[in-house]
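Structure at a glance
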Amino acid sequence: MAYTSSSLHLHKHLLLPKTTRRHTNPSFVAAAAKINGVNGHSSKKSPNGKAQINGDGKKGVNGSGRKKAAAQHINGNDRIHLSVSTGGAGGQDGFGLRVAFQGAPGAYSEFAAKTALPGCDTVPCRAFADALAAVDGGAVDRAILPVESTMEGTALRNYDLLLRHDLVVVQEINLFVHYCLLAMPGVRAAEVRRVISHPMALAHCGRALARLGVDREPVEDTAGAVEMLRSNRMLDTAAIASPRAADLYGLDVLAHGLQDESWNVTRFLLLSKPPSPVTLPMDADAKTSMVVAHRGGSMMVVLKVLSAFSSRNINLTKLEVINNNDGGGGGGGGAAAGHPVMILDTSARGAPTLRAFPHVLYVDCEGASHDPRVLDAIKEIERFAVFVRVLGCYAADSNVYDLQ
Ligand SMILES: O=C(O)C(=O)Cc1ccccc1
């Protein structure tokens, strides 16, 4: 992406306040662990009443409300898995829904989809753009998209894709991403010359790969890398993917926990065609995501946006500043010549139009989009912004779900 951005929020303590971490094993039976302290290092174990991940897509496979306890050790953090009950991460099962994801079966995005809607049927797509086109065109009911990670901040390319479509955010899912190094059965670590994976996975494991002294090659997705190893019987190449992918494709795990940071969480958004098919429970904590386009002078605009929310006591969970061509000095992360952000404007009567904006903010706030305080804040922002589009209003979920 040619433009630059600066993330004012995406550090782990702001991304995931008061985190509850929930574990799902490959058959999606969940257990939960509550981590007090946000970075996973100081995990104070505390029982948590309920977790909500269903079995492997079949009704009634898990134990409703049954409590379980177990301990495991990853990256030096002891955690306790506590309880199991029905329902997806957002309390929905998703039976009968088709969810498009990018990658081959076993990709992290597929796990995220199954965590959100355990009963859904997942539909693999070659590219994220294909997944979004599938939901836009009505071929599937939802698409799942990774939009930010604790290690790399906002996935700007995926935000770009999201903004070009008339889709709404219906759910958020935070997934703990645990990377393994996988190879064909019998291959030893010393024989590996090259590692293939999704670019994000390669970036997240940069230090480990440098230590191994191997070449890196990006491919479409983590599970696709595993599939490629298997079908081409590659003996000098390893893939970075999940332990679940190792099981699924019958590969050996050469190393666990390859990520450079032990706390590696990716946030995914579940998207649907508007209007949102999800009704928020009355007592749900909600979040609203929006994009704000403005004329430049980012820092002043940022201050005004902050004031619109803070004067109404509304908390922000994300504020990302994008500037592409203001010649340097636009604030945030600086500026660089590049392409404007293309946003589909669905507000006007008639066909939605794709509009180009050089200065954009991505904002997530606490509260529902119909909450009078949030509505007022948006009205205030509209007085100085060029364009505001609400991307969705959904239940806030600060849990971090974990594959075992
Ligand atoms: O390649 C995958 O498995 C994906 O789903 C994309 C991805 C890659 C790394 C972290 C999170 C999502």
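I will try to describe carefully the structure that is included in this document. This one's a predicted model, so the numbers in the text were calculated from it and none came from an experiment.

Right, let's talk about the environment of Asp-402 for a bit. Here Asp-402 lies in strand 24 (residues 399–403). Residue Asp-402 is classed as buried on the basis of its relative accessible area of 0%.

The next thing to look at is the pattern of salt bridges. In the structure shown here, the tally under the stated rule is 12 salt bridges. A salt bridge links Arg-188 to Glu-191; its shortest N-O distance comes to 3.2 Å. We classify Glu-191 as partly exposed; its relative accessible area is 31%. What emerges from the salt-bridge pattern is a single network uniting Glu-148, Glu-172, Arg-267, Lys-287, Lys-318, Glu-320 and Asp-364.

Between its first and last C-alpha atoms helix 10 (residues 372–384) spans 19 Å; for 13 residues at 1.5 Å apiece the expected length is 18 Å, and the two agree. Those residues of helix 10 that fall on the buried side of the exposure criterion are Val-374, Ala-377, Ile-378, Glu-380, Ile-381 and Phe-384. Seen end-on, helix 10 carries its buried residues on one side only, within an arc spanning 160 degrees. The outward face of helix 10, more than 90 degrees from its buried face, is lined by the exposed residues Pro-372, Lys-379 and Arg-383. The backbone nitrogen of Arg-373 has a side-chain oxygen 2.8 Å away, supplied by the residue at the start of helix 10, namely Asp-371.

In contact at an axis separation of 10 Å, helix 3 (residues 128–136) and helix 4 (residues 156–163) are set at 25 degrees when each is read in the N-to-C sense. Of the possible angle classes, the one that applies to helix 3 and helix 4 is roughly parallel. Between helix 3 and helix 4 lies a crossing whose hand is right-handed. The residues of helix 4 that touch helix 3, namely those facing Phe-128, Ala-129 and Leu-132, are Asn-158, Leu-161 and Leu-162.

Looking now at the site of the ligand. Lining the immediate environment of the ligand, one finds Ala-107, Tyr-108, Ser-109, Tyr-179, His-198, Met-200, Asp-221, Thr-222, Thr-266 and Phe-268. Thr-222 is positioned with one of its side-chain polar atoms (N or O) 2.5 Å from an oxygen atom of the ligand. Those elements that place two or more of their residues in the shell around the ligand are helix 2 (108–116) and strand 17 (265–272). Per-class residue counts for the shell around the ligand are 5 nonpolar, 4 polar and 1 charged.

This part covers the nonpolar core. Residues Tyr-108, Ile-144, Tyr-179, Leu-182, Val-195, Val-226 and Ile-240 are the most contacted members of the largest nonpolar core, which totals 54 residues. Take this core: its biggest share by element is 5 residues, from helix 2. In this view, Ile-240 contacts Tyr-179, Cys-180, Leu-181, Val-195, Ile-196, Ser-197, Ala-201, Leu-202, Cys-205, Leu-209, Thr-222 and Leu-258; residues no more than four positions away in its chain are not counted. In this structure, Leu-163, Leu-167, Leu-391 and Tyr-394 belong to the second largest nonpolar core, which totals 32 residues.

One pass over the structure, following the stated rule, counts 5 aromatic pairs. With 6.4 Å between their ring centres and 75 degrees between their planes, Tyr-108 and Phe-111 make a pair best called edge-to-face. With Tyr-108 and Phe-111 both in helix 2, this residue pair falls 3 residues apart, about one helical turn. Both residues of the pair, Tyr-108 and Phe-111, count as buried. Between Tyr-159 and Tyr-362, the ring centres sit 4.2 Å apart and the planes meet at 15 degrees, which makes this aromatic pair stacked. Placement of the pair is Tyr-159 in helix 4 and Tyr-362 in strand 22 (residues 359–366), with a sequence separation of 203 residues. With respect to burial, Tyr-159 and Tyr-362 carry one shared label: buried. Through a chain of ring-to-ring contacts, the aromatic side chains of Tyr-108, Phe-111 and Tyr-179 assemble into a single cluster. Over the ring of Phe-387 we find Arg-355, and its NZ or CZ is 5.3 Å from the ring centre.

Here the focus is unusual backbone geometry. With the exception of glycine, most residues fall at negative phi, and the peptide bonds are largely trans. A cis amide bond links Pro-274 with the next residue in sequence, Pro-275, at an omega value of -5 degrees. You will see that Asn-313, though not glycine, has its phi angle at about 65 degrees, which is positive.

Further remarks concern the pairing of strand 19 (residues 316–323). Within a regular beta strand, the side chains point alternately toward one face of the sheet and then the other, so they alternate between its two faces. Among the 8 residues of strand 19, 7 are classified as buried, and the element is accordingly described as predominantly covered. Here 7 bridges tie strand 19 to strand 22, and the two strands are oriented antiparallel to one another. If you follow Lys-318 over to strand 22, its bridge partner there is Asp-364.

Definitions and limits used
- Residues numbered from 1 in each chain as written.
- Predicted model: local features only at pLDDT ≥ 70, side-chain atom pairs only at ≥ 80, totals over all residues.
- Heavy atoms only, no water.
- Helix = DSSP H or I, 4+ residues; strand = E, 2+ residues; numbered from the N terminus.
- Buried < 20%, exposed > 50% of the residue type's maximum accessible area, 1.4 Å probe, protein only.
- Salt bridge = Lys/Arg side-chain N within 4 Å of Asp/Glu carboxyl O.
- Expected span 1.5 Å × (residues − 1).
- Arc of directions from axis to C-beta.
- Polar contact = N/O pair within 3.5 Å; in protein donor to acceptor, adjacent residues only side chain to side chain.
- Axes fitted to C-alpha atoms, helices over the stretch in contact; angles between N-to-C directions.
- Parallel < 35°, antiparallel > 145°, perpendicular 65-115°, else oblique.
- Left-handed = near helix turned anticlockwise from the far one by under 90°.
- Contact = heavy atoms within 4.5 Å.
- Near = heavy atom within 4 Å.
- Nonpolar A, V, L, I, M, F, W, Y, C, P; charged D, E, K, R; others polar.
- Core = buried A, V, L, I, M, F, W, Y, C linked by side-chain atoms within 4.5 Å.
- Phe/Tyr/Trp six-rings, centres within 6.5 Å; stacked < 30°, edge-to-face > 60°.
- Lys NZ or Arg CZ within 6 Å of the ring centre and 35° of its normal.
- Pairing = 2+ DSSP bridges.

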